[in-house]
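In case you want the letters, here they are:
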Amino acid sequence: MDTGLTSFAPTDGKALRAAFGRFGTGVTVITTQTSNGPLGMTANSFSSVSLDPPLVLWSAALRSKRHDAFAQAESYCIHVLGADQQALALHFAGQGHDFTGFDWMPGPDSAPEFRGCLAAFHCKTYAVHPAGDHSMILGEIRHAAQRPGSGAGLLFDQGRFGTFTPKP
């Protein structure tokens, strides 16, 4: 049976990454407060898990210099980015300590909260699980907020940023 798909070994990291990239995702920036000040990280591995209790998850790469700070954080904030926030995503994909030029304030548990995001979820760390070359970080939502009105989300697909355009 010809499915039109090209097979590859699941151990082929380059091909596997490209195949994962076929799944378009939303873009988030996660922030926490550390003893050295605020810290941020861009992630597209965010997902809702449960409504009761309210749980979300995201994954941090072990090789990231920011991994340990987030895996050990008591609390953090997940920001769902709008289409107009690509600069925020790119900035925190590259580094995490410089918050200069971004409008933010301390949130309910001290984790930085950026203004203008589509949604923000302030979480207490619920569990951290090893998962290959990443850690799965589960958070219990303690405070949630969303931007009033509408706004397109920032999406990431095949290494590119964009937005969703609904069919008429």
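Above this note sits the structure.
Keep in mind the model is a prediction, meaning the values are calculated, not measured.

Draft legend 1. Here's a closer look at the sheet that holds strand β6 (residues 75–80). With antiparallel pairing, the seven strands of this open sheet are ordered in space as β3-β2-β6-β9-β10-β5-β4. Each edge of the open sheet is held by one strand with a lone partner, namely β3 (37–43) and β4 (47–51). Each neighbouring strand pair of the sheet contributes to a mean axis angle of 35 degrees, computed without reference to strand direction. The sheet contact formed by β6 and strand β9 (residues 119–131) spans six bridges and is antiparallel. Within the sheet, the bridge partner assigned to cysteine 77 lies in β9 and is histidine 122. Strands in contact with helix α3 (residues 86–94) are β2 (28–34) and β3; relative to β3, the strand with the most contacts, it is inclined by about 105 degrees.

Draft legend 2. Geometry of the nonpolar core. Counting 15 residues, the largest nonpolar core has Ile30, Trp58, Phe70, Tyr76, Ile78 and Cys123 as its most contacted members. Looking at this core, the elements that each hand over two or more residues are β3, β5 (54–61), β6, β9 and β10 (134–146). Once you skip the residues sitting within four places of it in the chain, isoleucine 30 turns out to touch Leu39, Gly40, Met41, Ala43, Trp58, Phe70, Tyr76, Cys77 and Ile78. Membership of the second largest hydrophobic core comes to 10 residues, among which are Val27, Leu88, Phe114 and Leu154.

Draft legend 3. Summary view of the side chain of histidine 67. On the secondary structure map, histidine 67 appears in helix α2 (residues 67–71). Here histidine 67 falls in the buried class, since its relative accessible area comes to 6%. Apart from the residues lying within four places of it in its own chain, the contact partners of histidine 67 are Met41, Ala60, Ala61, Leu62 and Ser135.

Draft legend 4. Region of interest: the sheet that holds strand β12 (residues 160–162). The strand order across the open sheet built from three strands is β1-β11-β12, with neighbouring strands paired in antiparallel fashion. The strands lining the two open edges of the sheet, one partner per strand, are β1 (25–26) and β12. Of the pairings in the sheet, the one linking β1 to strand β11 (residues 155–157) comprises two bridges and is antiparallel in character. Each bridged residue has a counterpart across the sheet, and for threonine 25 the counterpart in β11 is phenylalanine 156.

Cut-offs and rules
- Residues numbered from 1 in each chain as written.
- Predicted model: local features only at pLDDT ≥ 70, side-chain atom pairs only at ≥ 80, totals over all residues.
- Heavy atoms only, no water.
- Pairing = 2+ DSSP bridges.
- Helix = DSSP H or I, 4+ residues; strand = E, 2+ residues; numbered from the N terminus.
- Axes fitted to C-alpha atoms, helices over the stretch in contact; angles between N-to-C directions.
- Contact = heavy atoms within 4.5 Å.
- Core = buried A, V, L, I, M, F, W, Y, C linked by side-chain atoms within 4.5 Å.
- Buried < 20%, exposed > 50% of the residue type's maximum accessible area, 1.4 Å probe, protein only.

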